[in-house]
Amino acid sequence: MAVDQATKKLYNERIGAHKTEISEHEKELSAYKKAMMTNKKLKPFFHLGNVAQNLEIIRLQMEMNEISEQMMQVKNNSFLDNARKNLYKIFADLDAAVKGDVDEPIDFNRDELDKISPFTPKQRLNLYRHIRRAIDKLIAAYGPNTKWIWSFPELYAKSANLGKNLIDFREVQAKRDPREEFFYDRKEMVQHVVDDLMDASNRYRDKYEISTKATGDLIMAIKLLDGLRRVALVTKDEALAAKAKTGIESYKARIEAEKDEKKAPAKK
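Residues numbered from 1 in each chain as written. Predicted model: local features only at pLDDT ≥ 70, side-chain atom pairs only at ≥ 80, totals over all residues. Heavy atoms only, no water.

A. Representation of the packing of helix α8 (residues 183-212) against helix α10 (residues 238-263) within the structure. Closest axis-to-axis distance for the α8/α10 pair is 13 Å, and the angle between their directions is 15°. Considering the angle they form, α8 stands roughly parallel to α10. As α8 runs across α10, the sense of the crossing is left-handed. Residues V194, M198, S201, N202, R205, Y208 and E209 of α8 touch α10, and the partners they reach there are L240, K243, Y251, R254 and E258. (Axes fitted to C-alpha atoms, helices over the stretch in contact; angles between N-to-C directions. Helix = DSSP H or I, 4+ residues; strand = E, 2+ residues; numbered from the N terminus. Parallel < 35°, antiparallel > 145°, perpendicular 65-115°, else oblique. Left-handed = near helix turned anticlockwise from the far one by under 90°. Contact = heavy atoms within 4.5 Å.)

B. Quick look at unusual backbone geometry. Located in the positive-phi region is K99, a residue other than glycine, with phi close to 75°. For K99, the position within the fold is in the loop between α3 (77-98) and α4 (110-115). At D107, a position not held by glycine, the phi torsion is positive, near 75°. Mapping D107 onto the fold places it in the loop between α3 and α4. For D107, a relative accessible area of 25% corresponds to the partly exposed category. (Buried < 20%, exposed > 50% of the residue type's maximum accessible area, 1.4 Å probe, protein only.)

C. Representation of empty space enclosed by the protein in the model. Under the criterion given, the structure shown has two cavities of 30 Å³ or more. Volume-wise, the largest cavity comes out at about 90 Å³. Lining the largest cavity, in full, are P121, R124, L166, I167, D168, E171, V172, R186 and M189. Taken together, the elements giving at least two residues each to the lining of the largest cavity come down to α5 (121-142), α7 (169-174) and α8. For the lining of the largest cavity, the class distribution of residues is five nonpolar, no polar and four charged. Lining the second largest cavity are P105, I106, D107, F108, N109, L113, K164, N165, I167 and F169. Split by residue class, the lining of the second largest cavity holds six nonpolar, two polar and two charged. (1 Å grid on protein atoms, 1.4 Å probe; cavity = no way out; pocket = protein on both sides within 12 Å on 5 of 7 lines; lining within 4 Å. Points joined across faces, edges and corners; volume = space filled by probe spheres on them. Nonpolar A, V, L, I, M, F, W, Y, C, P; charged D, E, K, R; others polar.)

In C-alpha coordinates, the structure reads:
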(Lines give C-alpha, C1' and ligand atoms only; values in the text may rest on other atoms or scores of the structure.)
Protein backbone atom coordinates (compact mmCIF):
# COMPACT_ATOMS: atom_id res chain seq x y z
CA MET A 1 0.00 0.00 0.00
CA ALA A 2 1.37 3.39 -1.02
CA VAL A 3 2.17 5.84 1.75
CA ASP A 4 0.91 9.40 1.31
CA GLN A 5 3.21 12.42 1.50
CA ALA A 6 1.79 13.65 4.81
CA THR A 7 2.62 10.30 6.43
CA LYS A 8 6.12 10.31 4.94
CA LYS A 9 6.69 13.83 6.27
CA LEU A 10 5.55 12.86 9.78
CA TYR A 11 7.67 9.69 9.59
CA ASN A 12 10.80 11.69 8.71
CA GLU A 13 10.11 14.12 11.55
CA ARG A 14 9.76 11.33 14.11
CA ILE A 15 12.85 9.50 12.85
CA GLY A 16 14.75 12.80 12.84
CA ALA A 17 13.81 13.42 16.48
CA HIS A 18 15.09 9.96 17.42
CA LYS A 19 18.33 10.54 15.53
CA THR A 20 18.81 13.79 17.44
CA GLU A 21 18.38 11.91 20.74
CA ILE A 22 20.89 9.28 19.59
CA SER A 23 23.39 12.05 18.80
CA GLU A 24 23.07 13.33 22.36
CA HIS A 25 23.84 9.88 23.75
CA GLU A 26 26.79 9.58 21.38
CA LYS A 27 28.14 12.88 22.75
CA GLU A 28 27.98 11.36 26.23
CA LEU A 29 29.88 8.30 24.97
CA SER A 30 32.58 10.58 23.56
CA ALA A 31 32.81 12.44 26.86
CA TYR A 32 33.20 9.14 28.77
CA LYS A 33 35.93 8.05 26.37
CA LYS A 34 37.92 11.23 27.05
CA ALA A 35 37.35 10.96 30.79
CA MET A 36 38.71 7.41 30.81
CA MET A 37 42.05 8.71 29.62
CA THR A 38 42.43 11.08 32.56
CA ASN A 39 40.79 9.18 35.43
CA LYS A 40 41.94 5.55 35.52
CA LYS A 41 40.32 4.90 38.91
CA LEU A 42 36.85 5.64 37.55
CA LYS A 43 37.43 3.86 34.24
CA PRO A 44 35.24 0.82 35.14
CA PHE A 45 32.37 3.17 35.97
CA PHE A 46 32.74 4.95 32.64
CA HIS A 47 32.44 1.54 30.96
CA LEU A 48 29.23 0.95 32.90
CA GLY A 49 28.10 4.42 31.85
CA ASN A 50 28.76 3.41 28.24
CA VAL A 51 26.48 0.41 28.74
CA ALA A 52 23.67 2.66 29.98
CA GLN A 53 24.10 5.08 27.05
CA ASN A 54 24.13 2.27 24.49
CA LEU A 55 21.03 0.72 26.02
CA GLU A 56 19.24 4.02 25.41
CA ILE A 57 20.56 4.13 21.83
CA ILE A 58 19.36 0.55 21.25
CA ARG A 59 15.92 1.45 22.62
CA LEU A 60 15.69 4.41 20.23
CA GLN A 61 16.88 2.35 17.24
CA MET A 62 14.26 -0.32 17.91
CA GLU A 63 11.61 2.37 18.29
CA MET A 64 12.68 3.72 14.89
CA ASN A 65 11.97 0.31 13.38
CA GLU A 66 8.57 0.27 15.09
CA ILE A 67 7.79 3.67 13.62
CA SER A 68 8.82 2.38 10.18
CA GLU A 69 6.57 -0.66 10.53
CA GLN A 70 3.61 1.40 11.76
CA MET A 71 3.86 4.31 9.33
CA MET A 72 5.66 2.91 6.27
CA GLN A 73 4.47 -0.70 6.58
CA VAL A 74 8.02 -2.01 6.25
CA LYS A 75 10.57 -3.44 8.66
CA ASN A 76 13.77 -1.36 8.66
CA ASN A 77 16.56 -3.89 9.11
CA SER A 78 19.25 -1.20 9.11
CA PHE A 79 17.85 0.20 12.39
CA LEU A 80 17.79 -3.32 13.87
CA ASP A 81 21.29 -4.12 12.60
CA ASN A 82 22.62 -0.97 14.24
CA ALA A 83 20.94 -1.97 17.50
CA ARG A 84 22.53 -5.41 17.21
CA LYS A 85 25.98 -3.83 16.73
CA ASN A 86 25.43 -1.71 19.82
CA LEU A 87 24.64 -4.81 21.85
CA TYR A 88 28.14 -6.04 21.05
CA LYS A 89 29.50 -2.68 22.21
CA ILE A 90 27.71 -3.29 25.51
CA PHE A 91 29.36 -6.70 25.80
CA ALA A 92 32.76 -5.12 25.12
CA ASP A 93 32.26 -2.51 27.85
CA LEU A 94 31.13 -5.14 30.36
CA ASP A 95 34.12 -7.27 29.41
CA ALA A 96 36.34 -4.27 30.19
CA ALA A 97 34.59 -3.74 33.53
CA VAL A 98 34.21 -7.29 34.89
CA LYS A 99 35.80 -9.58 32.26
CA GLY A 100 33.81 -11.77 29.90
CA ASP A 101 35.72 -15.04 30.25
CA VAL A 102 33.45 -18.08 30.07
CA ASP A 103 35.46 -20.97 31.51
CA GLU A 104 37.01 -19.43 34.60
CA PRO A 105 36.42 -20.25 38.29
CA ILE A 106 33.98 -18.20 40.35
CA ASP A 107 35.72 -15.09 41.74
CA PHE A 108 38.44 -15.16 39.05
CA ASN A 109 37.74 -11.45 38.52
CA ARG A 110 38.05 -10.39 42.15
CA ASP A 111 40.12 -7.31 41.30
CA GLU A 112 37.50 -6.05 38.86
CA LEU A 113 34.63 -6.71 41.28
CA ASP A 114 36.41 -4.83 44.05
CA LYS A 115 36.86 -1.82 41.78
CA ILE A 116 33.12 -1.53 41.11
CA SER A 117 31.95 -2.30 44.66
CA PRO A 118 29.95 0.99 44.89
CA PHE A 119 27.83 -0.32 41.97
CA THR A 120 25.16 -1.92 44.13
CA PRO A 121 23.49 -5.34 43.64
CA LYS A 122 20.22 -3.54 42.83
CA GLN A 123 21.93 -1.48 40.12
CA ARG A 124 23.57 -4.61 38.69
CA LEU A 125 20.22 -6.41 38.64
CA ASN A 126 18.51 -3.50 36.90
CA LEU A 127 21.29 -3.27 34.32
CA TYR A 128 21.11 -6.98 33.62
CA ARG A 129 17.31 -6.88 33.25
CA HIS A 130 17.58 -4.04 30.72
CA ILE A 131 20.17 -5.93 28.67
CA ARG A 132 18.05 -9.09 28.56
CA ARG A 133 14.94 -7.13 27.63
CA ALA A 134 16.85 -5.41 24.83
CA ILE A 135 17.98 -8.78 23.47
CA ASP A 136 14.49 -10.30 23.65
CA LYS A 137 12.93 -7.26 22.01
CA LEU A 138 15.54 -7.14 19.25
CA ILE A 139 15.10 -10.82 18.39
CA ALA A 140 11.32 -10.43 18.35
CA ALA A 141 11.68 -7.42 16.05
CA TYR A 142 13.83 -9.35 13.57
CA GLY A 143 11.24 -12.14 13.39
CA PRO A 144 11.78 -15.85 12.64
CA ASN A 145 13.07 -15.52 9.07
CA THR A 146 16.11 -13.37 9.70
CA LYS A 147 19.59 -14.28 8.47
CA TRP A 148 20.86 -13.63 12.01
CA ILE A 149 18.83 -16.41 13.62
CA TRP A 150 21.82 -18.64 14.45
CA SER A 151 23.82 -15.75 15.85
CA PHE A 152 21.23 -15.20 18.58
CA PRO A 153 22.54 -17.97 20.89
CA GLU A 154 25.72 -15.89 21.17
CA LEU A 155 23.73 -12.87 22.40
CA TYR A 156 22.11 -14.97 25.11
CA ALA A 157 25.38 -16.67 26.06
CA LYS A 158 27.36 -13.43 26.32
CA SER A 159 24.70 -11.71 28.40
CA ALA A 160 24.27 -14.67 30.76
CA ASN A 161 27.99 -15.11 31.26
CA LEU A 162 28.62 -11.40 31.80
CA GLY A 163 25.70 -11.37 34.23
CA LYS A 164 27.42 -14.15 36.15
CA ASN A 165 30.68 -12.21 36.18
CA LEU A 166 28.86 -9.13 37.51
CA ILE A 167 27.85 -11.02 40.65
CA ASP A 168 30.06 -10.83 43.72
CA PHE A 169 29.62 -14.43 44.89
CA ARG A 170 31.79 -13.81 47.95
CA GLU A 171 29.14 -11.31 49.02
CA VAL A 172 26.34 -13.75 48.13
CA GLN A 173 27.92 -16.36 50.40
CA ALA A 174 28.62 -13.95 53.27
CA LYS A 175 25.26 -12.14 53.35
CA ARG A 176 22.59 -14.84 53.69
CA ASP A 177 20.35 -13.02 56.15
CA PRO A 178 17.13 -11.76 54.44
CA ARG A 179 17.40 -8.62 56.59
CA GLU A 180 20.65 -7.67 54.84
CA GLU A 181 20.43 -4.79 52.38
CA PHE A 182 20.15 -6.05 48.78
CA PHE A 183 19.56 -9.67 49.92
CA TYR A 184 16.62 -10.13 47.56
CA ASP A 185 18.36 -8.29 44.71
CA ARG A 186 21.33 -10.68 44.96
CA LYS A 187 19.00 -13.66 45.13
CA GLU A 188 17.04 -12.54 42.06
CA MET A 189 20.21 -11.81 40.10
CA VAL A 190 21.61 -15.26 40.83
CA GLN A 191 18.31 -16.88 39.78
CA HIS A 192 18.24 -14.91 36.52
CA VAL A 193 21.80 -15.96 35.73
CA VAL A 194 21.11 -19.61 36.60
CA ASP A 195 18.07 -19.68 34.31
CA ASP A 196 19.85 -17.81 31.54
CA LEU A 197 23.01 -19.96 31.56
CA MET A 198 20.84 -23.06 31.17
CA ASP A 199 18.80 -21.37 28.44
CA ALA A 200 21.91 -20.23 26.55
CA SER A 201 23.42 -23.72 26.75
CA ASN A 202 20.22 -25.21 25.35
CA ARG A 203 20.26 -22.69 22.50
CA TYR A 204 23.78 -23.73 21.53
CA ARG A 205 22.72 -27.38 21.67
CA ASP A 206 19.79 -26.57 19.37
CA LYS A 207 22.09 -24.66 17.05
CA TYR A 208 24.31 -27.74 16.84
CA GLU A 209 21.43 -30.15 16.26
CA ILE A 210 19.32 -28.10 13.86
CA SER A 211 21.89 -26.06 11.96
CA THR A 212 25.65 -26.40 12.19
CA LYS A 213 26.60 -29.86 13.51
CA ALA A 214 29.73 -27.97 14.58
CA THR A 215 31.54 -29.40 17.60
CA GLY A 216 32.37 -25.85 18.71
CA ASP A 217 28.69 -25.21 19.44
CA LEU A 218 28.48 -28.22 21.75
CA ILE A 219 31.71 -27.11 23.42
CA MET A 220 30.12 -23.72 24.13
CA ALA A 221 27.05 -25.49 25.52
CA ILE A 222 29.41 -27.39 27.84
CA LYS A 223 31.21 -24.22 28.96
CA LEU A 224 27.92 -22.54 29.82
CA LEU A 225 26.79 -25.59 31.81
CA ASP A 226 30.13 -25.63 33.58
CA GLY A 227 29.59 -22.00 34.57
CA LEU A 228 26.15 -22.98 35.82
CA ARG A 229 27.64 -25.89 37.80
CA ARG A 230 30.12 -23.53 39.48
CA VAL A 231 27.32 -21.15 40.48
CA ALA A 232 25.33 -24.10 41.85
CA LEU A 233 28.28 -25.28 43.92
CA VAL A 234 28.80 -21.81 45.41
CA THR A 235 25.09 -21.44 46.23
CA LYS A 236 24.97 -25.03 47.55
CA ASP A 237 22.30 -26.14 45.06
CA GLU A 238 23.30 -29.80 44.82
CA ALA A 239 20.43 -30.80 42.53
CA LEU A 240 21.29 -28.08 40.02
CA ALA A 241 25.01 -28.94 40.17
CA ALA A 242 24.17 -32.59 39.45
CA LYS A 243 21.88 -31.61 36.57
CA ALA A 244 24.59 -29.44 35.01
CA LYS A 245 27.18 -32.22 35.47
CA THR A 246 24.89 -34.73 33.75
CA GLY A 247 24.42 -32.35 30.81
CA ILE A 248 28.17 -31.78 30.52
CA GLU A 249 28.86 -35.52 30.49
CA SER A 250 26.14 -36.10 27.90
CA TYR A 251 27.51 -33.45 25.53
CA LYS A 252 31.08 -34.68 25.98
CA ALA A 253 29.94 -38.22 25.16
CA ARG A 254 28.32 -36.94 21.96
CA ILE A 255 31.54 -35.19 20.95
CA GLU A 256 33.57 -38.37 21.57
CA ALA A 257 31.04 -40.50 19.66
CA GLU A 258 31.27 -38.08 16.75
CA LYS A 259 35.07 -38.31 16.78
CA ASP A 260 34.92 -42.11 16.81
CA GLU A 261 32.46 -42.09 13.94
CA LYS A 262 34.79 -39.93 11.85
CA LYS A 263 37.76 -42.17 12.63
CA ALA A 264 35.91 -45.38 11.72
CA PRO A 265 36.66 -46.67 8.18
CA ALA A 266 33.84 -46.23 5.74
CA LYS A 267 31.80 -49.38 5.18
CA LYS A 268 31.93 -50.82 1.68
